[in-house]
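One letter stands for each residue in the lines below.
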Amino acid sequence: MKKITIAIDGFSSCGKSTMAKDLARKIGYIYIDSGAMYRAVTLYCIQNNLFKGDDLDLVKLEEAIRNIKIYFRLNETTSLPEVYLNDINVEKEIRTMEVASKVSLVSAVGFVRKEMVHLQQQMGAEKGIVMDGRDIGTVVFRNAELKIFVTADPQIRAQRRLDELRSKNDFDTTFEEVLENIKQRDYIDQNRDESPLRQAEDALVLDNSQLTKEQQMQWLLDKFNYLTSQ
Ligand SMILES: Nc1ncnc2c1ncn2[C@@H]1O[C@H](COP(=O)(O)OP(=O)(O)OP(=O)(O)O)[C@@H](O)[C@H]1O
Ligand SMILES: Nc1ccn([C@@H]2O[C@H](COP(=O)(O)O)[C@@H](O)[C@H]2O)c(=O)n1
């Protein structure tokens with residue numbers, strides 16, 4: 001069967017990667033979490049002291065950006081791609097609240113986006129890919145055959161993320177901190193000049209506030225099956 005490109009965009013912590021990962025596994029496509037790439041650049045900025053508070057040293061970052069090597073490698077046990085920053089697996093380090101609190105500042109920078117989009121387009125050149133993010137259907141793969149825009153109530157998103165943090169033994173972060181981070185990232189992502197978070201005109205919208213993971217997966221699979229049976 002001819003492979004297609006699937007773009008899943010939407011708000012922070014609304015379940016995009018859960019859906020994208022599950023679908024890719026079911027249909028045998030490559031899965032790419034584009035947010036992990038922006039998180040990896042942010043981790044680089046933190047590790048190299050490019051932040052003074054919320055001020056980012058753009059001159060140093062621009063000098064460094066071409067030497068920041070980001071790629072994915074499959075974890076043989078989980079069969080999921082994991083992100084590498086300059087040859088080090090940083091899959092765990094990029095998921096901290098510190099990175100989450102700074103990533104939208106980094107992803108708003110034009111030259112950072114240019115580099116990441118270029119890499120993402122290379123990864124999807126052969127199709128057969130499910131990529132999730134903020135600008136996949138509007139910028140990275142404008143011609144994607146299937147575009148999904150996911151949303152959910154912020155309070156529900158925050159509770160899901162908090163449950164996840166608790167399951168990873170983070171008992172320090174509060175519900176209010178998670179909610180604030182989600183709202184702040186949504187605001188910056190929607191209001192930045194470079195590729196702001198928008199629903200593509202040809203995207204199908206899914207509000208999964210009241211859906212289980214299984215229900216949202218079935219919804220997505222139905223859309224995929226319908227499209228590829230045409
Ligand atoms: N329908 C659902 N019901 C309950 N929990 C869900 C549902 N979908 C996803 N989750 C959980 O919500 C949390 C956030 O999901 P996920 O990481 O997939 O979101 P995301 O949109 O990719 O987030 P981010 O933009 O921050 O990367 C995860 O803990 C996930 O297991
Ligand atoms: N295509 C994308 C993907 C992500 N971002 C930015 O990265 C942040 C982290 O992404 P998650 O999916 O891991 O939450 C996100 O808040 C965006 O600022 C982006 O700009 N474009």
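Residues numbered from 1 in each chain as written. Chains lettered and ligands numbered in written order. Predicted model: local features only at pLDDT ≥ 70, side-chain atom pairs only at ≥ 80, totals over all residues.

For the chain, the name recorded in an unreviewed UniProt entry is Cytidylate kinase, with Dysgonomonas capnocytophagoides as its organism. What UniProt records for the chain under Sequence similarities (unreviewed entry) is the sentence "Belongs to the cytidylate kinase family. Type 1 subfamily." The UniProt entry for the chain carries the following comment under Subcellular location (unreviewed entry): "Cytoplasm". (UniProt positions renumbered as here; feature names shortened; annotations may be inferred.)

Description of the site of ligand 2
Taken together, 14 residues surround ligand 2, and among them G35, Y38, S107, G133 and R134 come closest. Of all the secondary-structure elements, those providing two or more residues to the shell around ligand 2 are α2 (34-47), α4 (97-106) and α8 (175-191). Built from parts of two domains, the shell around ligand 2 gets at least three residues from each of domain 1 (1-29 + 128-225) and domain 2 (33-127). (Near = placed C-beta within 6 Å. Helix = DSSP H or I, 4+ residues; strand = E, 2+ residues; numbered from the N terminus. Domains from an automatic or database assignment.)

Digging into the UniProt feature "domain: Cytidylate kinase" (unreviewed entry) in the chain
This chain's UniProt record puts "domain: Cytidylate kinase" (unreviewed entry) on residues 6-223. The span residues 6-223 shows a helical share of 48% and a strand share of 19%, and its end C-alpha atoms are spaced 11 Å apart.

So, the site of ligand 1
Among the 17 residues in the neighbourhood of ligand 1, the closest are listed as G15, S17, T18, R160 and E164. Within the residue set of the shell around ligand 1, elements represented by two or more residues are α1 (16-27), α7 (154-167) and α9 (213-228). Along the lines of polarity and charge, the residues of the shell around ligand 1 split into two nonpolar, nine polar and six charged. (Nonpolar A, V, L, I, M, F, W, Y, C, P; charged D, E, K, R; others polar.)

Observations concerning the sheet that holds strand β2 (residues 30-33)
Reading across from one edge, β2-β8-β1-β9-β10 is the order of the five strands in this open sheet, with parallel pairing throughout. The strands lining the two open edges of the sheet, one partner per strand, are β2 and β10 (204-207). When the angles between neighbouring strand axes are averaged without regard to direction, this sheet yields 20°. Two strands pair when backbone bridges link them, and strand β1 (residues 5-10) and strand β8 (residues 129-133) are joined in this way by five bridges, in the parallel orientation. Within the sheet, the bridge partner assigned to I8 lies in β8 and is D132. With respect to the sheet, α1 is in contact with β1, β2, β8 and β9 (146-151), its orientation differing from that of β8 by roughly 175°. (Pairing = 2+ DSSP bridges. Axes fitted to C-alpha atoms, helices over the stretch in contact; angles between N-to-C directions. Contact = placed C-beta atoms within 7 Å.)

Regarding the UniProt feature "binding site: ATP" (unreviewed entry) in the chain
Mapped onto the present numbering, the UniProt feature "binding site: ATP" (unreviewed entry) falls on G10, F11, S12, S13, C14, G15, K16, S17 and T18. With respect to the secondary-structure elements, G10 resides in strand β1. Judged by C-beta crowding, with 27 C-beta atoms within 10 Å, G10 ranks as buried. When residues no more than four places from it in sequence are discounted, the contact partners of G10 are K16, F149, V150 and T151. With respect to the helices and strands, the residue F11 is situated in the loop between β1 and α1. For F11, a count of 22 C-beta atoms within 10 Å translates into the label buried. Once you skip the residues sitting within four places of it in the chain, F11 turns out to touch T151 and D186. (Buried ≥ 20, exposed ≤ 12 C-beta atoms within 10 Å, placed from the backbone.)

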